[in-house]
Structures are given as structure tokens and as C-alpha cells.
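Notes for the structure review
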Amino acid sequence: RWVSECGGGSGVRRRGVGGGDGGGGGLGVVGDGPVDVGLGRGGVEVKRADLVGRGGTGLRLQGGGDSRGRLDLHVEASLDRDLLDTLSAAVSDSGGELGVRVDIEGTFDDPRVFGEARVRNAHIAMAGAPATIDDLDGYVRFNSRRVLFERLEAEIAGGRFGMEGAATLGDGGIENYEFDLRLD
């Protein structure tokens, strides 16, 4: 149900996002309180947008952009423990915790993206594959030009796997990379 709370045309709030199965298709997310978006002076500002779903899935948006093309947007997400097998038929089972934070600054023409992702206590089983990935833990930082794998560890087919390294991005792909792998 939509609830409009406009003060002189400067904002719109939405309450009760979704319904039934939670909307959002396979993600099943619903609003956690009002979604408050301000419009004015040629810009948009997300003052509050919190969405939640099953199993701990959550999304929070804040910030926006102005008429001069400046950006200041912040996104935080925590993903459902079995989200991968919901989104991909190649994954038969998954679990664990995944958290992502992304900050977008700069301008529409030259955005600067910064963020981090953390995975904890995860497991992934690929459809038709005999080995699973278990006890997956990792931390990755990224920006528009570089991805830094500070730590990625897992158990695969009874052995331990570890990885650290970095990849440099450019022209829509990976320009170069360097990784240190450990197999026990």
C-alpha cells in the first residue's frame, strides 16, 4: 500500500512494500518501515530505505544525487544464507553469511566506487559436482579500479585452500592480477 506524505512536493514515503510472499521474486524482501525519498532542487535523496527478507537478507540505502551530477550514495546489504541456490540453478545448496558495503561518490560522469565484502561460515555445493566448498571465510575490498582479496579461505574436497591478492580493472575487464594461493 502506498502512503504519500508530501510536504510541498518535496518527498514521498512508501509503507508496507511488498505483500504475500514478500514481493521481490526469489529474494522475498519487504520494507522495514517507511521508505523515505526526498525530491527537490533537481536532485533525489534517499533519506531512509530499509528492506528485509527471509533468513537475514537486508538492504539499506541512503544518499543520492543532485542536479549538478554529484553522487553520494551508500548501500549496505546482508544476504540470505541460501541466496545463491535461489538465484542460480548451478548452485544446489549454499549457506553462510555475506555482507557488502558500497559507497558511490563523485559525479554521474565519473563515479568513484568503494566498498568491501565479507563472507563467513559459508558453504556452496554446485549442481552435479562431487566436492563442496565448506568453511568459506573471506574479506575483499574494492574500488572502481582495483579488487583486493585480503583473505579468502575454504575447505575443498577435504583440503584447505587459501588465497590473497589483487586484480586491477580497466576497460570493462581485468587488466592484470597477482594472487598467492595456498593448498594444504
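This section reports on the structure supplied with the text.

Thresholds applied
Residues numbered from 1 in each chain as written. Predicted model: local features only at pLDDT ≥ 70, side-chain atom pairs only at ≥ 80, totals over all residues. Heavy atoms only, no water. Patch = residues over 30% accessible without salt bridge, like charges linked within 9 Å, V, L, I, M, F, W, Y side chains within 5 Å. Areas by Shrake-Rupley, 256 points an atom, 1.4 Å probe, with all protein chains shown as cover. Salt bridge = Lys/Arg side-chain N within 4 Å of Asp/Glu carboxyl O. Helix = DSSP H or I, 4+ residues; strand = E, 2+ residues; numbered from the N terminus. Buried < 20%, exposed > 50% of the residue type's maximum accessible area, 1.4 Å probe, protein only. Phe/Tyr/Trp six-rings, centres within 6.5 Å; stacked < 30°, edge-to-face > 60°. Pairing = 2+ DSSP bridges. Core = buried A, V, L, I, M, F, W, Y, C linked by side-chain atoms within 4.5 Å. Contact = heavy atoms within 4.5 Å.

1. Some thoughts on a nonpolar patch on the surface
Together, Ile 174, Tyr 177, Phe 179 and Leu 181 line one region of the surface with nonpolar side chains, adding up to about 460 Å² of accessible area. Locating Phe 179 in the fold gives a position in strand β13 (residues 173-183). Accessibility expressed as a relative area gives 31% for Phe 179, which makes it partly exposed.

2. Regarding the packing of aromatic side chains
Each pair of aromatic rings is reported with the distance of its centres and the angle of its planes. Under the defined criterion, the tally for this structure stands at two aromatic pairs. Between Phe 149 and Phe 179, the ring centres sit 5.4 Å apart and the planes meet at 65 degrees, which makes this aromatic pair edge-to-face. Of the two residues, Phe 149 is situated in strand β11 (residues 146-156) and Phe 179 in strand β13; the sequence distance between them amounts to 30 residues. For the pair Tyr 177 and Phe 179, a centre-to-centre distance of 5.9 Å together with 35 degrees between the ring planes defines the contact as tilted.

3. Focus on the pairing of strand β6 (residues 58-65)
Within a regular strand, side chains alternate between the sheet's two faces. For strand β5 (residues 43-53) and β6, the ladder comprises seven bridges, and the chain directions are antiparallel. Note that in β6 the partner of Val 52 across the bridge is Gly 58. Strand direction decides the pairing type here: β6 and strand β7 (residues 70-79), joined by eight bridges, are antiparallel. If you follow Gly 63 over to β7, its bridge partner there is Leu 73. Where β6 folds back onto β7 in an antiparallel hairpin, the turn is made up of four residues, including Gly 69, whose phi is positive at roughly 85 degrees.

4. Focus: the nonpolar core
Counting eleven residues, the largest nonpolar core is built from Val 91, Val 119, Ala 122, Ile 124, Leu 136, Val 140, Val 147, Phe 149, Leu 152, Ala 154 and Met 163. At the level of elements, β9 (111-126), β10 (132-143) and β11 are the ones that each hand at least two residues to this core. For Ala 154, the residues in contact, after removing those within four places along its chain, are Ile 133, Asp 134, Asp 135, Leu 136, Gly 159, Arg 160 and Phe 161.

5. Some remarks on the pairing of β10
Pairing geometry for β9 and β10, over nine bridges, is antiparallel. Along β10, the bridge assignment pairs Val 119 with Gly 138. Connecting the antiparallel pair β9 and β10 is a turn made up of five residues, with Gly 128 showing a positive phi of about 80 degrees. Here eight bridges tie β10 to β11, and the two strands are oriented antiparallel to one another. Its bridge partner lying in β11, Ile 133 is registered against Ile 156.

6. Focus on the pattern of salt bridges
Here the structure, examined in full by the defined rule, presents nine salt bridges. When the shortest N-O distance is used, the salt bridge between Asp 135 and Arg 160 registers 3.2 Å. You can see Asp 135 sitting in strand β10 and its partner Arg 160 sitting in strand β12 (residues 159-170), a full 25 residues away along the chain. For Asp 135, a relative accessible area of 37% gives the class partly exposed.

7. Some details on unusual backbone geometry
What is expected of a backbone is that most residues other than glycine have negative phi and most peptide bonds are trans. Unlike most non-glycine residues, Asn 121 shows phi in positive territory, near 50 degrees. Here Asn 121 lies in strand β9. By relative accessible area, which is 51% here, Asn 121 ends up exposed. Positive phi is not limited to glycine here, since Ala 157 has a value of about 50 degrees. For Ala 157, the location among the structural elements is in the loop between β11 and β12. A relative accessible area of 65% means that Ala 157 is categorised as exposed.

Such coordinate-based values are descriptive only and should not be taken to indicate function.
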